[in-house]
Amino acid sequence: MQIPISILILTKNEERDLPGCLESIRWSDDIHLYDSYSEDSTVGIAQKFGAKITQRSFDNWSAHQNWGLANIPFKYEWVFYIDADERVHASLIESIGQAINNPSQAFDAYRIQRRDFFMGAWLKHVQTTPYYIRLFRPQKIRYERLVNPVTIVDGSIGQLTGYLDHFPFSKGVGHWLDRHNSYSTFEAQQIYDNQINNETFNILKAFTAKNFQSRRYHQKELFYRLPARPLIKFFILYFLKRGFLDGKPGFTYAVLQSIYEYTIILKVDELKNRELHA
């Protein structure tokens, strides 16, 4: 079954995960690999699957994604965004097809539930949020923030049934730590820049904004203003979100996320000290 949707995959050295991702999206005849000059066989694998290749040097997440949406020549009105370590579940394929073929639904983007897997188990409870906007009309989308970008939709948002399966530890815990070390550098810079530029923040919108993405943006900014953030994150993930029900994988994941938060704090302090002694 072919579905008239274009696919966007962001890659950098993804030869291990990419084949499984491509197998899960064979239902599209317009697959675009948006590659940051991979040094392994990523591009060759994509070409064998018939994917179109666009390459650009990575600068930061929002700038990179916004450039891709504006410049890649998608064949169809709708774009589905997926990472190489993700797989489209069969239930989601059916839901996607129904969504774009139903003219009565006047949505410009759709949220999709993502299932993260670790140690062979679905992290059903310990995820910060399981919903992400991945199906959209590209002209209605823009991204903000240097890393873990917030998706801003100029229009209405629906929600699909079915799952997008995510395997963030497919290359091992070491790779996850390396990647999040890089993420923490961007996060620290974003927090520092917001503080320097007095970025507008509204605590009420963190709880009352009707738009999900707007609410998430202000919640993220509120979270970065809290003391003892690593401990708070562990408490939220493990106890409030009931990560303990995910067993050892849930505990380990909550600890890793807490370490990630502490790394961000250290790097923000480093930026402030650097500026102070400049």
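Reference entry: report on the structure contained in this document. Since the structure is predicted, the reported quantities are computational estimates derived from the model, not experimental observations.

Cut-offs and rules
Residues numbered from 1 in each chain as written. Predicted model: local features only at pLDDT ≥ 70, side-chain atom pairs only at ≥ 80, totals over all residues. Heavy atoms only, no water. Helix = DSSP H or I, 4+ residues; strand = E, 2+ residues; numbered from the N terminus. Contact = heavy atoms within 4.5 Å. Buried < 20%, exposed > 50% of the residue type's maximum accessible area, 1.4 Å probe, protein only. Arc of directions from axis to C-beta. Phe/Tyr/Trp six-rings, centres within 6.5 Å; stacked < 30°, edge-to-face > 60°. Lys NZ or Arg CZ within 6 Å of the ring centre and 35° of its normal. Core = buried A, V, L, I, M, F, W, Y, C linked by side-chain atoms within 4.5 Å. Axes fitted to C-alpha atoms, helices over the stretch in contact; angles between N-to-C directions. Parallel < 35°, antiparallel > 145°, perpendicular 65-115°, else oblique. Left-handed = near helix turned anticlockwise from the far one by under 90°. Nonpolar A, V, L, I, M, F, W, Y, C, P; charged D, E, K, R; others polar. Pairing = 2+ DSSP bridges.

This next bit is on the side chain of Gln113. Following the sequence through the fold, Gln113 ends up in strand E6 (residues 109-118). Contact partners of Gln113, with chain neighbours within four places excluded, come to Trp122, Pro130, Tyr131, Gly162, Tyr163 and Leu164.

Next up on the list: helix H3 (residues 61-71). Looking only at H3, the buried set comprises Trp61, Ser62, His64, Gln65, Gly68 and Leu69. All buried residues of H3 fall inside an arc of 165° around its axis, so they share one side. Buried residues in H3 make contact with strand E1 (6-11), strand E2 (31-35), strand E4 (79-83), strand E8 (131-136), strand E9 (141-144) and helix H5 (173-196).

Turning to the packing of aromatic side chains, a few remarks are in order. As enumerated under the stated definition, the model contains 19 aromatic pairs in all. Each ring, one from Tyr238 and one from Phe239, has its centre 5.2 Å from the other, and the planes form 85°; the classification is edge-to-face. Each member of the aromatic cluster is reached from another via a ring pair, and the members are Phe234, Phe235, Tyr238, Phe239, Phe244 and Phe251. One residue, Arg114, lies across the ring of Tyr132, its end atom 4.3 Å from the ring centre. In this arrangement the basic side chain of Arg115 is found over the ring face of Trp122, its NZ or CZ atom lying 5.2 Å from the centre.

The tendency in soluble globular proteins is for nonpolar side chains to be buried side by side. Ranked by size, the top nonpolar core spans 30 residues in total, and within it Ile9, Phe80 and Leu135 carry the most contacts. Put simply, the parts of the chain that give this core at least two residues each are E1, helix H1 (18-23), E2, helix H2 (42-48), E4, helix H4 (90-100), E6 and strand E11 (157-166). With near-sequence residues (within four places) excluded, Phe80 lies in contact with Ile5, Ser6, Ile7, Leu8, Val88, Leu92, Ile96, Ile112, Arg134, Leu135 and Leu164. Tyr81, Tyr183, Ile191 and Leu271 belong to the second largest nonpolar core, which has 27 residues in total.

Here we come to the environment of Lys248. On the secondary structure map, Lys248 appears in helix H9 (residues 247-276). Each C-alpha atom, one on Lys248 and one on Met119, is 8.6 Å from the other, the two residues being 129 residues apart in sequence.

In the contact formed by helix H8 (residues 229-240) and H9, the axes pass within 8 Å of each other and the chain directions differ by 155°. In terms of orientation, H8 lies roughly antiparallel with respect to H9. Where H8 crosses over H9, the handedness of that crossing is right-handed. Between H8 and H9, the residues in contact are Arg229, Pro230, Lys233, Phe234, Leu237 and Tyr238 and Gly250, Phe251, Ala254, Val255, Gln257, Ser258, Glu261, Tyr262, Ile264 and Ile265, respectively. Grouping the amino acids of the contact of H8 with H9 by side-chain chemistry returns 10 nonpolar, 3 polar and 3 charged.

As a further point, take the pairing of E8. With 5 of its 6 residues buried, E8 lies for the most part within the structure. One ladder, built from 2 bridges, connects E4 with E8; its direction is antiparallel. By the bridge assignment, Val79 is partnered in E8 with Phe136. Looking at chain direction, E6 and E8 are connected through 5 bridges and run antiparallel. Note that in E8 the partner of Ala109 across the bridge is Phe136.

Taken by themselves, the reported measurements are silent on function.
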